[in-house]
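# Observations on the three-dimensional arrangement
Spelled out from the first residue to the last, the chains are:
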Amino acid sequence: MSADLLSADVATRFGSGQSVQRIEDEGLLRGAGRFTDDVQPVGQLRVAFVRSPHPHARILAVDAASARALPGVALVLTGADLLQAGVKSLPVNPSFKRPGGGRPASPQRPVLAHDRVRFVGEAVAIVVAETLQQARDAAEAVWVEYDELPSVVDVGAATGDQAVALCEQAPDNIAAEARHGDAAAVEAACGQATHVVRLAIENQRVAAVSLEPRAVLAWVAEDGRLTLQMSSQMPSGVRTAICDVLGLAREQVRVTVGDVGGGFGMKTGAYPEDLAVAWCAWQLRRPVKWSADRSEEFLSSQHGRDVRTQAELALASDGRILALRLRSLANVGAYATPTGVAIQLLIGPWVQTSVYDIQQVDFRFAAVLTNTAPTGAYRGAGRPEAIFTMERLMDEAARQTGIDRIQLRRRNFIRPEQMPYRNPMGQTYDVGRFEHVMDQALDQADWSGFEARRVRSRARGRLRGLGIATFLEWTGGNVLEETVAVSVLPEGVIEVFSAVNQMGQGIATTLAQLVVDVFGVPMAQVRVVLGDTDRGDGFGSAGSRSLFTGGSALREGAEKTLDEARRLAAQTLEASAQDLEYRAGRFLVRGTDLSVDLFALAGRQPQQRIHLQSTTQVAGPSWPNGCHVCEVEVDPATGEVQVVAYSSVNDVGRVVNPAIVRGQLDGGAVQGLGQALLERMVYDPASGQPITGSLMDYAAPRADLLACDFVTSMDQTTPSRNNPLGVKGVGELGTIGATPCVVNAVADALASGGYASLAPRLQMPLTPLRLWNLLTTTAD
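Okay, so let's go over this structure. (Residues numbered from 1 in each chain as written. Predicted model: local features only at pLDDT ≥ 70, side-chain atom pairs only at ≥ 80, totals over all residues. Heavy atoms only, no water.)

### Side note on the pattern of salt bridges
Note the following rule: What counts as a salt bridge is simple: a side-chain nitrogen of Lys or Arg found within 4 Å of a carboxyl oxygen of Asp or Glu. Elements are defined by DSSP. Helices are runs of H or I of four residues or more, strands are runs of E of two residues or more, and each kind is numbered from the N terminus. Accessibility here uses a 1.4 Å probe with only protein chains present; expressed as a share of the type maximum, an area under 20% marks a residue as buried, one over 50% as exposed, and anything in between as partly exposed.
Scanning the model with the defined rule gives 57 salt bridges in all. In this structure, glutamate 495 engages arginine 527 in a salt bridge whose closest nitrogen and oxygen atoms are separated by 2.7 Å. Placement of the pair is glutamate 495 in strand β20 (residues 493–498) and arginine 527 in strand β21 (residues 526–530), with a sequence separation of 32 residues. Given a relative accessible area of 14%, glutamate 495 falls into the buried group.

Below is the structure:
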């Protein structure tokens, strides 16, 4: 086969646009994955934490003498011990204002609580021992005297007149507030509107439930540096936190990440447990490991969502939207972390008007302190909450105005000729053809044939509903720069490093395909290295940024490396660089038989490699969008909801690996279905105790959640203009569309079955019991 044909064949088989097999999978399927808990260094110590059984209490005394005397115990530290050692608190107090313009307020968050505990499961002491059982036994021997205090776990109660103040600087428990838009203009628009649709919406608290719980192993390496391997999406951010909190210099700390069994946003940044383990390893000069059990994950990992919203949509007589007004209370838990607050007060609002041309908004969002675990990023991070509110309003507006919901959307879509479009939150959409995407979705889902299917369901005693969600999302984390390193090695390997991270989403495969695009070599000759702060720094993987930011940087870095190789080849062949052709790993001089192999060229260099580090910045975030259509059957006798059809068309820009993208879309949709129908993290209002603290109580999605297969399409006709690849973030899109789509389908089933008054009262999760109670207490 000629070099030209070989290069073309390689690109066709392994490059962009191909559903190549994931390079991550073989090792995982063979049981050769290297998760943090798989690493077993000699002399490893194990950790157990002493955790608060109370939602709110003063710590009067901690007696660890008995625990320290038990066999195998190497160290027991309390919050007071860390305070005396100079260990700092974690960052709180986000960059927002309180009502009235005052500084934001939050209790300081210590690594280990020392004066007060603020939620059930907060760590009070750390026990380090030779075995896990010895650590657990010693943890039970630590005696803590508490003085219980009043607690509050609900945002309504926390902001009520009789609420207990959880922070001296916030007597009303509002840590921070954000207001957006023009209140006077919206009030005037509502006064002139023909219709004003009002909904009370609750986006319930959920837990991430990643397959692999959090885990961290810390030790002091031979070079004297504190070194960690952990399950994380952001190793560079973790290193920064360790340096800041423990008082270490940047060059003293290295963080590595191996295989990660799911993150979903929950594994961004450093937790108090990570810092406590790191400090113990630094003090003991021995390897120290903590692996969370599932109960600890429910108690102390960051939760998601938990927002209560009063929403109003003002419409003219023809259905055009005049204004949108929202009042939201976000339960950010015991500590107002910068990320937890920003998600609800800023990031979600960025997409609140979604794909609709809404000129006037009046938003008021408050971050409320409670005695619950802090909230943070969870797949979608603010955007699912915003889109759920918008799409519920659109379908309810259609019912109340009598305007067909498809026509209502058509009248309000932002049109392609309006791009680039600046929304009321100051965010600019570069491209988007929202009606085009919806039209494809309606055809794919056989929207026009639904009534016949409804009749068949009614004959079987079922209420059949049809739901739709048309929406967009913002991706990027607003960190638009990434640095990569590309090395051509003489052993026939192109090694690339990126600071984005794998966590089950297949990013290593996608990056390898981009290398194949540039170099035209088989994927077997590409080595992707991720997760090591010694190799490079970057933001990590969050906000669906890995490909459009990290991939764009890699593509540009690979092209620059090939250009450098061309320059070196020209010197070796004594020819002009312009006279060289590159084909499948070889440079040739046009019109001659002179050539040099790329990898042999690398071996001739003084450093035995061709190496280049490159930093690339994309122009802005990407705005993937979609239209999801869902059909459900509701059994009015039991309240059971069954998803019987699910179809989606997703504008994700250019697709590098269709199988991976489809997996992300469908997997995300399952998580969205889980929130709509099953999941809810519940705290008892009276005691403050979590009562869904295990998988026996917390209903995670199961394989039988759907009675159908997904029908998933990708529209590649509108590539992003903000990055050189034309790609758009995809990891969270399915989650964002699924939740409103399913709830709208249930609302449609109720409305068509004679229960129209119940449609605006639906609140997630739509469990059989909750829906049955609603059906049996009120009917039209």
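### A closer look at the packing of aromatic side chains
What counts is decided by this rule: Aromatic rings from Phe, Tyr and Trp, with only the six-membered ring used for Trp, were paired whenever their centres fell within 6.5 Å, and each pair was classed as stacked if the ring planes differed by under 30 degrees, edge-to-face if by over 60, and tilted otherwise.
Inspection of every chain in the model, using the stated rule, returns nine aromatic pairs. With centroids separated by 5.7 Å and ring planes inclined at 35°, the aromatic side chains of tyrosine 421 and tyrosine 429 adopt a geometry described as tilted. Here tyrosine 421 falls in the buried class, since its relative accessible area comes to 6%. Judged by relative accessible area, which is 0%, tyrosine 429 ranks as buried.

### Regarding the packing of helix α12 (residues 383–401) against helix α20 (residues 733–752)
Convention followed: Orientation is described by axes fitted as lines to C-alpha atoms, over the contacting stretch for helices, and by angles from 0 to 180 degrees between their N-to-C directions. The cut-offs work like this: below 35 degrees is roughly parallel, past 145 is roughly antiparallel, 65 to 115 is roughly perpendicular, and the gaps in between are oblique. Each helix crossing is assigned a hand: it is left-handed if the near helix lies turned anticlockwise from the far helix by less than a right angle, otherwise right-handed if that turn is clockwise. Pairs of residues are marked as contacts when any of their non-hydrogen atoms sit within 4.5 Å. Three residue categories are used. Nonpolar comprises Ala, Val, Leu, Ile, Met, Phe, Trp, Tyr, Cys and Pro, charged comprises Asp, Glu, Lys and Arg, and polar comprises the others, including Gly.
Put simply, α12 and α20 touch, their axes get as near as 8 Å, and they point 25° apart. When the interaxial angle is binned, α12 and α20 end up roughly parallel. Taken as a pair, α12 and α20 cross one another with a handedness that is right-handed. Every residue of α20 that contacts α12 at Arg383, Pro384, Ile387, Phe388, Glu391, Arg392, Asp395 and Arg399 is listed here: Ile736, Thr739, Pro740, Val743, Asn744, Ala747, Asp748 and Ala751. Of the residues that constitute the contact of α12 with α20, the class distribution is eight nonpolar, two polar and six charged.

### Quick word on the side chain of arginine 464
Here is the rule we go by: Contacts described as polar in this section are N or O atom pairs within 3.5 Å, which, within protein, must combine one atom able to donate a hydrogen with one able to accept it, while residues neighboring in sequence count only if both atoms come from side chains.
Here arginine 464 lies in strand β18 (residues 463–472). A polar contact is formed between the side chain of arginine 464 and the side chain of serine 457, at a distance of 2.9 Å. Here glutamate 633 takes part through its side chain, which lies 3.3 Å from a polar atom of the side chain of arginine 464. Not counting residues within four places of it along the chain, the set of residues in contact with arginine 464 comprises Phe450, Arg453, Arg454, Ser457, Glu631, Val632, Glu633, Val644, Asp748, Ala749 and Ser752.

### Observations regarding the nonpolar core
Put simply, the rule reads: We define the nonpolar core as a collection of buried residues of types Ala, Val, Leu, Ile, Met, Phe, Trp, Tyr and Cys that are connected through side-chain atoms lying within 4.5 Å of one another.
In terms of nonpolar packing, the biggest core is built from 115 residues, with Leu313, Leu324, Leu677, Val746, Leu750, Leu762 and Leu771 touching the most fellow members. Leave out the neighbours within four places in its chain, and leucine 677 touches Val641, Val643, Leu705, Val742, Pro765, Leu766 and Thr767. Counting 47 residues, the second largest nonpolar core, distinct from the first, contains Ala558, Ala569, Leu573 and Val589.

### Regarding the pairing of strand β26 (residues 625–634)
As a reminder of what qualifies: When DSSP finds two or more bridges between a pair of strands, those strands are recorded as paired.
Burial within β26 is extensive, with 10 of its 10 residues counted as buried. Side chains of β26 alternate between two faces, with Asn625, Cys627, Val629, Glu631 and Glu633 and Gly626, His628, Cys630, Val632 and Val634 buried alike. Across 10 bridges, the pairing between β18 and β26 is antiparallel. Bridged to threonine 470 within β26 is cysteine 627. Two strands pair when backbone bridges link them, and β26 and strand β27 (residues 641–651) are joined in this way by 10 bridges, in the antiparallel orientation. The residue of β27 that forms the bridge with histidine 628 is serine 648. Between the end of β26 and the start of β27, which pair antiparallel, lie six residues, with glycine 639 showing a positive phi angle near 80°.

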